[in-house]
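Structural overview for review
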Amino acid sequence: MRKRFWAAILLCFFLIPLTACKDQATAARAFRDPTPLVPIAETGAAAYANHHAIIDYSHSEQGYVMVRYLGENDKVRLQIAHGSDDPYTYVLDPGGGYAVFPLSMGDGRYTVNVFENIAGSRYAQVCGATIAVQLADEFAPFLLPNQYVDYRADSKAVSLGAELAAGAYDDLDVVKNVYKYIIGHISYDERRAADVPAGYLPVVDAVLEGGKGICFDYAALTAAMLRSQRIPTRLVIGYSDDVYHAWISVYLKDKGWVNNIIEFKGNEWVRMDPTFDANHALLDRYIGGGSDYHAMYYY
């Protein structure tokens, strides 16, 4: 009887510290804050303007410029170039308000030019500015809404992102949850892919509600959800094999930028292309195995 008594005492002696260590380990790994953050782009005093357009670079250190076209031409283009690199070309909405464009190539000198169509495929520059950019945060361009990744604080994509982030321990958990949701709930829209209109821009909430999209839609929706969770995310446009394509890359603190990846296996990424992962059988005939990715633009 006495032996059983002391055996029980010794068992408690060992179990109590083990239980305490387990509780401490669980407490130490706190849940990540899922509160969304959606920066608001604002105009300011630093701008170049004429009767054709306004180019506002007041907050270029935050990774963006804002441009508004004032004319009446129905074919207007914006080009943003970093140093001597090839320019990024956008469509400007005639008669629209300000649109936000990322300064996605880091610090340096940017030229921002607005062009109007004059005949056929010929365009003439009507407004332009050159600005020196020193980013306050290198990730800033990939943490805010812009023309390609367009969302607001009240967007359903933002609220869903927060829902999927609830209970996550770190950014990697959030990425896994959002990625899994996207590939499980959005199907490829073959009809839209067959006839994409010029100047097409994703509407992330419409994609979410309709449950369909093309690669551009997949990438924009995923980027919106992750950016609103304070996870730097780039919408990447380039080629997969010989097909023009869009995908994403994300920044994880312990891994850096995760690029050119195929699927998630535990803690190893081998490509982050939500379009392909959601539609293997369908897209195999378009982009093969997706082994040959060439990024051209980051938004």
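A brief structural summary. It should be emphasised that the depicted structure is a prediction, and the values quoted were computed from it without experimental measurement.

Calculation notes
- Residues numbered from 1 in each chain as written.
- Predicted model: local features only at pLDDT ≥ 70, side-chain atom pairs only at ≥ 80, totals over all residues.
- Heavy atoms only, no water.
- Helix = DSSP H or I, 4+ residues; strand = E, 2+ residues; numbered from the N terminus.
- Buried < 20%, exposed > 50% of the residue type's maximum accessible area, 1.4 Å probe, protein only.
- Contact = heavy atoms within 4.5 Å.
- Areas by Shrake-Rupley, 256 points an atom, 1.4 Å probe, with all protein chains shown as cover.
- Pairing = 2+ DSSP bridges.
- Axes fitted to C-alpha atoms, helices over the stretch in contact; angles between N-to-C directions.
- Salt bridge = Lys/Arg side-chain N within 4 Å of Asp/Glu carboxyl O.
- 1 Å grid on protein atoms, 1.4 Å probe; cavity = no way out; pocket = protein on both sides within 12 Å on 5 of 7 lines; lining within 4 Å.
- Points joined across faces, edges and corners; volume = space filled by probe spheres on them.
- Nonpolar A, V, L, I, M, F, W, Y, C, P; charged D, E, K, R; others polar.
- Patch = residues over 30% accessible without salt bridge, like charges linked within 9 Å, V, L, I, M, F, W, Y side chains within 5 Å.

When you go through the chain residue by residue, the secondary structure sums to eight helices and 16 strands. The buried share of the chain, reckoned over its 299 residues, is 45%. Across the chain, contacts joining residues at least 24 apart in sequence account for 62% of those joining residues at least 6 apart. Accessible surface, the chain: about 15600 Å² in total, of which carbon and sulfur atoms supply 54%.

So, on to the sheet that holds strand 13 (residues 256-258). The strand order across the open sheet built from four strands is 13-12-11-16, with neighbouring strands paired in antiparallel fashion. Edge positions in the sheet fall to strand 13 and strand 16 (293-298), since each has one partner strand and no second. Each strand of the sheet is rotated relative to its neighbour by a mean of 35 degrees, with strand direction disregarded.

If you walk through the whole model with that rule in mind, you get six salt bridges. Here Asp154 makes a salt bridge to Arg152, at a shortest N to O gap of 3.2 Å. Here the two residues Asp154 and Arg152 agree in accessibility, since each one is exposed. Of the charged contacts in the structure, one is a salt bridge between Arg192 and Asp189, with a shortest N-O distance of 3.9 Å. Taking relative accessible area as the criterion, Arg192 reaches 28% and is therefore assigned partly exposed.

Attention now goes to empty space enclosed by the protein. If a probe the size of a water molecule is rolled over the atoms, the empty space left behind becomes visible. Across all of its chains, the model carries one cavity of 30 Å³ or more by this definition. Quantified by volume, the largest cavity comes out at close to 70 Å³. At the level of secondary structure, the elements contributing two or more residues to the lining of the largest cavity comprise strand 4 (76-82) and strand 5 (88-92). Here the element with the most residues in the lining of the largest cavity is strand 4; it accounts for three residues. Residue composition of the lining of the largest cavity, grouped by class: eight nonpolar, two polar and one charged.

Burial runs high along helix 2 (residues 156-165): seven of the ten residues are buried. Here helix 2 has its buried residues at Ala157, Val158, Leu160, Gly161, Ala162, Leu164 and Ala165. Close packing links the buried residues of helix 2 with helix 3 (171-185), helix 5 (204-210) and helix 6 (215-227).

What follows covers unusual backbone geometry. Phi is positive for Arg230, which is not a glycine, with a value near 65 degrees. Within the element layout of this structure, Arg230 appears in the loop between helix 6 and strand 11 (233-240).

Quick look at a nonpolar patch on the surface now. On the surface, Tyr239, Tyr244 and Met296 cluster together into a nonpolar patch covering about 290 Å² of accessible area. Its place among the elements puts Met296 in strand 16.

What follows deals with the layout of surface pockets. Approximately 260 Å³ is the volume found for the second largest pocket. Looking at the lining of the second largest pocket, the elements with two or more residues in it are helix 3 and strand 12 (243-252). Among the residues making up the lining of the second largest pocket, the classes are represented as five nonpolar, one polar and seven charged.

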